[in-house]
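The chain contents come next:
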Amino acid sequence: MNAANTDMATGADAPTGAASVRPPYAGTRYPKLATIPAFTDFIAKGWQDVDAPVALTEGAAAAAAAHRARLSARFATSTIVVSSGVAPVRNDDCNYGFRANSDFVWLTGCQVEGATLVMHPVPGGHDATLYLPAPFRPGEAGFFSDANHGELWVGASPGIGQWAEALQLEVRATPELTVVRGARGALASASVSASTIEALSLLRSPDLDRELSNLRMVKDEWEIAQLRRAVYDTVSGFAAVVSEVPRAIEDGLGERWLQGTFDRHARTFGNGPGYSTIVGSGPHAPILHWVRCDGPVLPDAALLLDMGVETNSLYTADVTRTIPASGTFSAEQRAAHDLVEKAHRAGMAQIRPGVPYLDFHFAAMEVIAQGLHDWGMLPVSVDEALSPEGQQHRRYLACGVGHHLGLDVHDCSHSPYEEYMGADLEAGVVMTVEPGLYFHANDETVPPELRGIGVRLEDDLLVTDDGHEVLSDGLPIDADGVERWTREQLGRA
Ligand code: GLY
Ligand code: MN
Ligand code: MN
């Protein structure tokens, strides 16, 4: 089923290059529908109006207005342009799934594809206008011929007026965006396409990207509520996944079954997974981004689950637990888990306002380096390993052990070192702490009994006025607690 077959190839939305390889239709028994008055007259009439309200999480419009005010204060004299983006084409008129740009969502609450926000400076702030592609309705050629915006293809959709009402914002149709052309020194964020920048003579602005990233670091109450929701639905997703472990083992359905179980859960209770779901059994657990998930679930192995639900408002959780598939850790799995737990607690203990961001990293690394040294796995002393010239312990933990969390899993990634890793923590920051140990099956430096064991513990923390709150404390972090919780989900309590 494709739009080409209805045959419109109306031009603007036709995939690049596709027209040149399509057979000529004129004069054939497969005519272009848009050129047949009998057809276009007939399909234009006889449709009942369908109510298509804007689906917006309560409070999203007000939160976005407050975010725009914060950005406005930083760029008082500049025109600002931020876009939602468009989905890449996968084939012909079938696109990859669309997910709106996070800066755009932060500023508008809107997730419409192909939309652009323009903020014009005025005395005392900015006037904001949102430019949206209006849906093609009955009576318009695009209704049956445009696979992106024709309601025959995508279903009834809210119109410009409904968006204006829902967002309490001036909203106009996309073609009117040309009025921006010539706005002197208009700044475009990384979300704005190269073609729009060229067409409207905008300036691509890394300063704007950095400032948006910095502003998004401290979450407001509404955002914190979204993140709580994301974590809540993620915790129930962990339960759903672990209850499927026996089936994944006994029916040979493997890691993919568990990955699919979480992704279905995330798509049902939120927008979907906030990043590619990681399910690694046994020797796959040490592989940091094991998203291929094409292996079996081994009955006696540790199973690493790194999973996060993204809410309908697009805020994501990012949680990891490593469970014994059998319900009981082996002695080696437990030893690795205990050391990671100790590092995790040491890292989390550093999370409070006014503390340098990286202190949690150093605290966790001290524990890891000491533990590996005690096991005879470091070729140097603990101090040598921990020095900037050493870092030998990082062989078994080569990734970061935490990051900001929000609309993006690795939130605020446009902030430079001095405003992210080099800054102090502030109340309202939401971040992960996620130390691990990754002993690869083919690593000859690892004692044979530890090879093929990977453990990560990852929690989502809110920095509060006087310390922190672990948002993901619905899941245990100690080995006894993890075993008990796992057995409950397996029905073997
Ligand atoms: N799941 C990606 C991360 O933990 O950073
Ligand atoms: Mn993470
Ligand atoms: Mn993670």
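As a reminder, the structure under discussion sits directly above these lines.
The rules behind these values
- Residues numbered from 1 in each chain as written.
- Chains lettered and ligands numbered in written order.
- Predicted model: local features only at pLDDT ≥ 70, side-chain atom pairs only at ≥ 80, totals over all residues.
- Heavy atoms only, no water.
- Near = heavy atom within 4 Å.
- Polar contact = N/O pair within 3.5 Å; in protein donor to acceptor, adjacent residues only side chain to side chain.
- Areas by Shrake-Rupley, 256 points an atom, 1.4 Å probe, with all protein chains shown as cover.
- Nonpolar A, V, L, I, M, F, W, Y, C, P; charged D, E, K, R; others polar.
- Axes fitted to C-alpha atoms, helices over the stretch in contact; angles between N-to-C directions.
- Helix = DSSP H or I, 4+ residues; strand = E, 2+ residues; numbered from the N terminus.
- Contact = heavy atoms within 4.5 Å.
- Donors = N, O, S within 2.8 Å, 3.2 Å for Na, K, Ca; no water.
- Tetrahedral: all angles 85-135°; square planar, octahedral: opposite > 155°, others 65-115°.
- Core = buried A, V, L, I, M, F, W, Y, C linked by side-chain atoms within 4.5 Å.
- Buried < 20%, exposed > 50% of the residue type's maximum accessible area, 1.4 Å probe, protein only.
- Pairing = 2+ DSSP bridges.

Trainee: Can you tell me about the site of ligand 1, naming the residues and giving the values?
Mentor: The immediate surroundings of ligand 1 are formed by Tyr275, Asp306, Asp318, His403, His410, Glu434 and Glu458. With respect to ligand 1, the side chain of histidine 403 contributes an N or O atom lying 3.1 Å from an oxygen atom. Within the contact set of ligand 1, an oxygen atom lies 2.7 Å away from a side-chain nitrogen or oxygen of histidine 410. If ligand 1 stood free it would expose 190 Å²; the protein chains cover 90% of that surface. Taken together, the residues that form the shell around ligand 1 break down as one nonpolar, two polar and four charged.

Trainee: How would you sum up the packing of helix 14 (residues 331-348) against helix 17 (residues 479-490)? Please name residues and give values.
Mentor: Viewed as axis vectors pointing N to C, helix 14 and helix 17 meet at an angle of 115°, and their least axial separation amounts to 9 Å. Note on element contacts: helix 17 touches helix 14 through Ala479, Asp480, Val482 and Glu483, opposite Arg334, His337, Asp338 and Glu341. Taken together, the residues of the contact of helix 14 with helix 17 break down into two nonpolar, one polar and five charged.

Trainee: For the coordination of the manganese ion (ligand 2), give the residues involved together with the corresponding values.
Mentor: Note on the manganese ion (ligand 2): its protein donors are Asp318 (OD), His403 (NE2), Glu434 (OE) and Glu458 (OE). The metal-donor distances range over 2.0 to 2.1 Å. One can describe the donor arrangement at the manganese ion (ligand 2) as irregular, given that its six donor atoms subtend angles of 51 to 159° at the metal. Each donor residue of the manganese ion (ligand 2) lies on one chain, and together they are spaced D-x84-H-x30-E-x23-E. In this structure, the manganese ion (ligand 2) lies 3.4 Å away from the manganese ion (ligand 3), the two metals sharing aspartate 318 as a donor. Of this pair, aspartate 318 sits in the loop between strand 12 (309-310) and strand 13 (319-324) while histidine 403 sits in strand 14 (residues 402-404), placing them 85 residues apart in sequence.

Trainee: Describe the nonpolar core, and please don't skip the residues or the numbers.
Mentor: Ranked by internal contacts, the top residues of the largest apolar core, which has 116 residues, are Leu71, Leu130, Leu305 and Phe439. Discounting chain neighbours no more than four positions away, the residues touching leucine 305 are Phe238, Val241, Val242, Ile278, Val279, Val319, Thr320, Arg321 and Ile323. Listed in part, the twelve residues of the second largest apolar core include Val118, Val180, Ala186 and Leu202.

Trainee: With reference to specific residues and values, describe the pairing of strand 15 (residues 430-433).
Mentor: Of the two faces of strand 15, both are covered, the one formed by Val430 and Thr432 as well as the one formed by Met431 and Val433. Judged from the three bridges that link them, strand 14 and strand 15 form a sheet pairing that is antiparallel. Residue glycine 402 lies in a different strand from strand 15, and its bridge partner there is valine 433. Alignment of strand 15 against strand 18 (residues 459-463), held across four bridges, turns out to be antiparallel. Bridge pairing in strand 18 places methionine 431 opposite leucine 461.

Trainee: Could you give me a rundown of the coordination of the manganese ion (ligand 3), with the residues and numbers involved?
Mentor: Around the manganese ion (ligand 3), the protein supplies Asp306 (OD), Asp306 (OD), Asp318 (OD) and Glu458 (OE) as donor atoms, at distances of 2.1 to 2.4 Å. If you look at the manganese ion (ligand 3), its six donor atoms make angles of 57 to 170° with each other, and the shape they trace is irregular. Here the donor residues of the manganese ion (ligand 3) share one chain and are spaced in sequence as D-x11-D-x139-E.

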